[in-house]
Amino acid sequence: MRVATEPGGAHSNWEAPAGDAGIVLGAYNATGSDVILDERDGKRQWADDT
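Residues numbered from 1 in each chain as written. Predicted model: local features only at pLDDT ≥ 70, side-chain atom pairs only at ≥ 80, totals over all residues. Heavy atoms only, no water.

## Brief notes about the overall build of the protein chain
The cut-off we apply is this: By the criteria applied, helices consist of DSSP H or I runs no shorter than four residues and strands consist of E runs no shorter than two, each listed in order from the N terminus. Burial status follows relative accessibility: with a 1.4 Å probe on protein chains alone, a residue under 20% of its type maximum counts as buried, one over 50% as exposed, and anything between as partly exposed. Methods summary: accessible areas were calculated by the Shrake-Rupley approach with a probe of 1.4 Å, and residue burial reflects only the protein chains presented.
Secondary structure summary: the protein chain contains 1 helix and 0 strands in total. Every one of the 50 residues in the protein chain was classed for burial, and the buried ones make up 0%. As displayed, the protein chain has an accessible area near 4500 Å², and 58% of this comes from carbon and sulfur atoms.

What follows is the structure in structure tokens.
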């Protein structure tokens with residue numbers, strides 16, 4: 001990780017690729033969970049309707 005000589009109080013000058021990767025993986029995980037739950041809810045709705 002490279003740090004600027006005078007990073008701002010809000011870490012605005014820091015370069016942290018690990019943080020970016022964490023954000024992307026979190027969004028990917030949330031999307032996958034949403035798809036799984038949608039499929040499960042669809043099956044449950046089908047079972048309730050029959």
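## A closer look at a negative patch on the surface
Put simply, the rule is: Residues form patches when they are more than 30% accessible in relative terms and have no salt bridge. Like charges link within 9 Å. Nonpolar side chains (Val, Leu, Ile, Met, Phe, Trp, Tyr) link within 5 Å. The salt bridge definition used is simple: a Lys or Arg side-chain nitrogen within 4 Å of an Asp or Glu carboxyl oxygen. Charge convention: Lys and Arg are scored as positive, Asp and Glu as negative, and His as well as the terminal groups of each chain are ignored. By convention, the charge on Lys lies at NZ, on Arg at CZ, on Asp at CG and on Glu at CD.
A cluster of acidic residues, Asp 34, Asp 38, Glu 39 and Asp 41, forms a negative patch at the surface. Under the relative-accessibility criterion, Asp 34 is labelled partly exposed at 44%.

Purely spatial values, then, with no claim about function.
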